[in-house]
There are 2 protein chains.
Amino acid sequence: MNVTLRQLRAFVTLAKLGSFTEAATALHITQPTLSGLIKELEQALGVQIVNRTTRKVELSSVGKEFLPLTARILQDLDEALRAITDIKELKSGTVRVAAPQLMACTLLTDVVSSFSQLYPGVDVRLSDSLVEDVLPRVQGGEVDFGIGPERTENRDIAAHLLFDMPFVAVLPQQHPLTRHEHLTWAEFLGHPLISLEGEYTQILRRELHAASDQLNYAPTKEVSFMTTALSMASAGLGVTVCLPYARSLLSLYQLQTRTLSEPTVRRKFHLLVRKDRVISPAAQAFFDYLLAYVAQQKWGSMAQ
Amino acid sequence: MNVTLRQLRAFVTLAKLGSFTEAATALHITQPTLSGLIKELEQALGVQIVNRTTRKVELSSVGKEFLPLTARILQDLDEALRAITDIKELKSGTVRVAAPQLMACTLLTDVVSSFSQLYPGVDVRLSDSLVEDVLPRVQGGEVDFGIGPERTENRDIAAHLLFDMPFVAVLPQQHPLTRHEHLTWAEFLGHPLISLEGEYTQILRRELHAASDQLNYAPTKEVSFMTTALSMASAGLGVTVCLPYARSLLSLYQLQTRTLSEPTVRRKFHLLVRKDRVISPAAQAFFDYLLAYVAQQKWGSMAQ
DNA sequence: TGACATTCATCGCTTGTCCCGATAAGTGGA
DNA sequence: TCCACTTATCGGGACAAGCGATGAATGTCA
């Protein structure tokens, strides 16, 4: 016979109320059942812990030693369950998200700030990463999920489409091109161009070239981070292209955007989650919130 | 559905071993049973705590939070059970005994010292009391049991006979009476007598007088404690009577004892226990030990 | 690429045990 | 000595726990 939680609860309640009948009522069991539980507990312990006559119930000396120990155990258990409930109900918890630097400082900052108002107990940790670092961080379990552009299929990672949006032209205020409501790439590429080092530029150049031999995506300046590119554009050093999710930063720099067509070049971004992991309730909530947030944005109208 | 200890144990073991099959073996249950236990626990908590595929088992983020809490609870429970076992096996525990002062410093000191060698973990606390304070201390629950002379029947207190022994004469060395092997009260009472104040003397006088008009128990000195009386007798200030259980003290004072007859006056001492209480294993052990110790003494041969 | 080995999940079935109601037994008070 | 009240015991019915068999998923090796 083994000690059970029910027996311990019975014992503590009995000790507190000093009566089998009352304690049984409090525990929502019958008095014979409680009697049996205490008896079982005493058998399991091998010692009598309650001195009882039909008139009086009191703890034996062993029972007096045992009571605080059990009371503490039950209290700790309740606390543990409450901790879990808090996590479940998003009163506490942590979400770790890896996202490219530009997204971290624009879209995600917006989302995090409104999510945090809704769930003040949840700690959202943004890991602003290089694009190529997002996937490893998800795979390594450093973060609950990541956000990244399209990737080759990965066995371990599930990808949920977050958005699919077209590149827009980014122009300083008063730039001649701002006179046009819409731009074509051909019109746009005639101006000094700031772009990013690496894949970003190469893939874009390839796509444009594939659409038309005439289109030559040839940046005059290349920097590492889009924030730098935007800053430079704001200073009148050139034009650049980016995705409309960076809206908040664009307006901060007082930059204008225009849709770019012929061709329309789109980028998909995905939420990346490890398939073998169930993410925490907080992470799940943020995940859902992010999807809903993005869904209600009208990126199409971003060309202001 | 409620959380059970078995579920928690299953969870902790599973977390430690990282495999349902292994953990099930360790817990001496089958794998499907363990599977069910974890499922129940997750249902009870309302959250998934283990991410599992057929190839890998690992804790979810919630599970990682829950693990230390449950591990601690189980550890505390084990400790509590061990504490009870220790008490049961007399590796720890406390005995509180109330006894008259003379008995505390003689018989009981001897018993306690040999009992303590046998059960070093048990703490025996002697409460050396006035004879009339023993019973109240037992009744009030201050002590596990008491030792006292015969009393009127008491509803709440059970009395176990500890011993029944005759008064002996206590003589300084070289006292003229030591020449006799045995004494009669008539011979004895002819010498300067030291006795105790109160009931002790009065009852004795009454008993002797009832046996023979000739016997007049008339102390020349009265003190409060037998230890004082013995000390005075040792100094040659008179003779006194006491019960042979004080053997160790008598030999310390180098006092001689002689049996006293015509009449033989006896005193019973009892172990006094509250009827409504089950005493602790340590107290029970000491109780038994004391009875056995006394039983093997040959008080009759005390007249050296 | 496919068969195999391994591991966890699911499903009936049996066994046991848990709890309840009824009732007995014990105790203090009138 | 009876009554009121409290705990202990007992028998039966319902429920659940655990087992074995089986299914499903996944990594491995030929």
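Anything mentioned here points back to the structure above.
Only a predicted model underlies this, so the values are computations on that prediction, with no experimental measurement involved. (Residues numbered from 1 in each chain as written. Chains lettered and ligands numbered in written order. Predicted model: local features only at pLDDT ≥ 70, side-chain atom pairs only at ≥ 80, totals over all residues. Heavy atoms only, no water.)

*Asks:* Give me the interface of chain B and chain A: which residues, what numbers.
*Replies:* Contact residues are listed per partner, giving 37 residues for chain B and 37 residues for chain A. Carbon and sulfur atoms make up 65% of the surface buried where chain B meets chain A, a total of about 3,200 Å² over both sides. If you sort the residues of chain B by the area they bury against chain A, I73(B), I84(B) and V278(B) come out on top, with a joint share of 17%. The tally of links from chain B across to chain A stands at six salt bridges. Salt-bridge contacts for D76(A) lead to R72(B); the nearest nitrogen and oxygen are separated by 3.0 Å. Scanning the region where chain B abuts chain A turns up seven residue pairs in polar contact (both at pLDDT 80 or more). Elements represented by at least two residues in the side of chain B that touches chain A include exactly helix 1 (5-17) and helix 4 (61-88) of chain B. (Contact = heavy atoms within 4.5 Å. Buried area = accessible area lost by both parts, 1.4 Å probe. Salt bridge = Lys/Arg side-chain N within 4 Å of Asp/Glu carboxyl O. Polar contact = N/O pair within 3.5 Å; in protein donor to acceptor, adjacent residues only side chain to side chain. Helix = DSSP H or I, 4+ residues; strand = E, 2+ residues; numbered from the N terminus.)

*Asks:* An account of helix 6 (residues 107-118) of chain B is needed here, citing residue identities and associated values.
*Replies:* Residues and elements named next belong to chain B. The end-to-end C-alpha distance of helix 6, which contains twelve residues, comes to 17 Å, matching closely the 16 Å that a straight helix rising 1.5 Å per residue would cover. Taken residue by residue, helix 6 has L107, L108, V111, V112 and F115 as its buried positions. For helix 6, the angular spread of the buried residues around the axis is 115°, confining them to a single face. Residues of helix 6 that are buried make contact with strand 3 (94-100), helix 5 (101-104), strand 4 (123-129), strand 5 (145-149), strand 6 (157-166) and helix 12 (281-295). (Expected span 1.5 Å × (residues − 1). Buried < 20%, exposed > 50% of the residue type's maximum accessible area, 1.4 Å probe, protein only. Arc of directions from axis to C-beta.)

*Asks:* Can you explain the side chain of S280(A)? Please cite residues and give values.
*Replies:* For S280(A), the position within the fold is in the loop between strand 13 (266-274) and helix 12 (281-295). Relative accessible area serves as the criterion here: at 6%, S280(A) is assigned to the buried category. Excluding residues within four positions of it along the chain, S280(A) makes contact with T94(A), S61(B) and V62(B).

*Asks:* So what about the pattern of salt bridges? Which residues, and what values?
*Replies:* Any two side chains of opposite charge can pair, given that their charged atoms come close. Counted according to the given criterion, the structure contains 22 salt bridges over all chains. Across the pair R274(B) and E58(A) runs a salt bridge, and its minimum N-O distance is 3.7 Å. Of this pair, R274(B) sits in strand 13 (residues 266-274) while E58(A) sits in strand 2 (residues 57-59), on two different chains. D144(A) is the salt-bridge partner of R96(A), the closest N and O atoms lying 2.8 Å from each other. Remark: D144(A) occurs in the loop between helix 7 (131-139) and strand 5 (145-149) and R96(A) occurs in strand 3 (residues 94-100); sequence separation between them is 48 residues. The partly exposed category is assigned to R96(A), whose relative accessible area is 25%. Residue classification places D144(A) among the buried positions, given a relative accessible area of 8%. It is possible to trace a salt-bridge network through shared partners that takes in R72(A), D76(A), R72(B) and D76(B).

*Asks:* Tell me about the protein's contact with DNA strand C, residues and numbers included.
*Replies:* The full set close to DNA strand C counts 20 residues, and T33(A), T21(B), S35(B), R52(B) and R55(B) are the nearest of them. At 3.0 Å from a phosphate oxygen of DNA strand C is found a side-chain nitrogen or oxygen belonging to T30(A). Within the side chain of T33(A), a nitrogen or oxygen atom sits 2.6 Å from a phosphate oxygen of DNA strand C. If you list the elements that add at least two residues to the surface near DNA strand C, you get helix 3 (31-45) of chain A together with helix 2 (20-27) and helix 3 (31-45) of chain B. When residues of the surface near DNA strand C are assigned to their parent elements, the largest contribution, four residues, is made by helix 3 of chain B. The class makeup of the residues in the surface near DNA strand C is five nonpolar, nine polar and six charged. (Near = heavy atom within 4 Å. Nonpolar A, V, L, I, M, F, W, Y, C, P; charged D, E, K, R; others polar.)

*Asks:* Tell me what's going on with the sheet that holds strand 7 (residues 168-172) of chain B, and back it up with residues and numbers.
*Replies:* Neighbouring strands of a sheet are bound in pairs by backbone hydrogen bonds; such pairs are parallel or else antiparallel. Residues and elements named next belong to chain B. Here we have four strands laid out as an open sheet, ordered 8-12-7-11, and mixed in their pairing. Since the sheet does not close on itself, it has two edges, and those belong to strand 8 (182-184) and strand 11 (240-242), each with one partner. Averaged over all pairs of adjacent strands, the angle between strand axes in this sheet comes to 45°, irrespective of strand direction. For strand 7 and strand 12 (residues 255-261), the ladder comprises five bridges, and the chain directions are antiparallel. Directly across from L171, in strand 12, lies its bridge partner Q256. The strands that helix 10 (residues 226-234) touches are strand 7, strand 11 and strand 12; relative to strand 11, the one it contacts most, it runs at about 135°. (Pairing = 2+ DSSP bridges. Axes fitted to C-alpha atoms, helices over the stretch in contact; angles between N-to-C directions.)

*Asks:* Describe the relation of the copies chain B and chain A, listing the residues and the values that go with them.
*Replies:* Each copy of the sequence occupies a distinct position, and chain B is placed on chain A by a rotation of 180° and an axial shift of 0.0 Å, giving an RMSD of 0.2 Å. One copy is carried onto the other by what is essentially a two-fold rotation axis. Taken as a fraction of all interface residues of chain B, those also at the interface in chain A reach 100%, which identifies the copy contact as same-surface. (Least-squares fit on C-alpha atoms with pLDDT ≥ 70 in both.)

*Asks:* How would you explain the protein's contact with DNA strand D if you had to name every residue and give the values?
*Replies:* Surrounding DNA strand D, one finds 22 residues, the nearest of these being T21(A), S35(A), R52(A), T30(B) and T33(B). A breakdown of the atoms of DNA strand D within 4 Å of the protein gives sugar and phosphate a share of 69%. The side chain of K39(A) places a nitrogen or oxygen atom 3.0 Å from a phosphate oxygen of DNA strand D. R6(B) is positioned such that a nitrogen or oxygen atom in its side chain is 3.0 Å from a phosphate oxygen of DNA strand D. The dominant element in the surface near DNA strand D, judged by the number of residues it contributes, is helix 3 of chain A, at four residues. In terms of residue class, the surface near DNA strand D is made up of five nonpolar, ten polar and seven charged.

*Asks:* Tell me about the sheet that holds strand 8 (residues 182-184) of chain A, residues and numbers included.
*Replies:* All names here are of chain A. If you trace the four strands from one edge of the open sheet to the other, you get 8-12-7-11, paired in mixed fashion. The open sheet has two free edges, formed respectively by strand 8 and strand 11 (240-242), since each of these has just one partner strand. The sheet shows a mean angle of 45° between the axes of neighbouring strands, direction not considered. Strands strand 7 (168-172), strand 11 and strand 12 (255-261) of the sheet are contacted by helix 10 (residues 226-234), whose axis makes an angle of about 135° with strand 11.

*Asks:* How would you sum up the state of the cysteines? Please name residues and give values.
*Replies:* In protein structure, a disulfide is the covalent linkage between the sulfur atoms of two cysteines. Residues and elements named next belong to chain A. Per the stated rule, a full pass over the model turns up zero disulfides over all chains. Of all cysteine sulfurs, the one in C105 lies closest to C242, which takes part in no disulfide; the gap is 11 Å. A residue is classified by how much of its surface remains accessible, and C242, at 0% relative accessible area, is buried. (Disulfide = S-S within 2.5 Å.)

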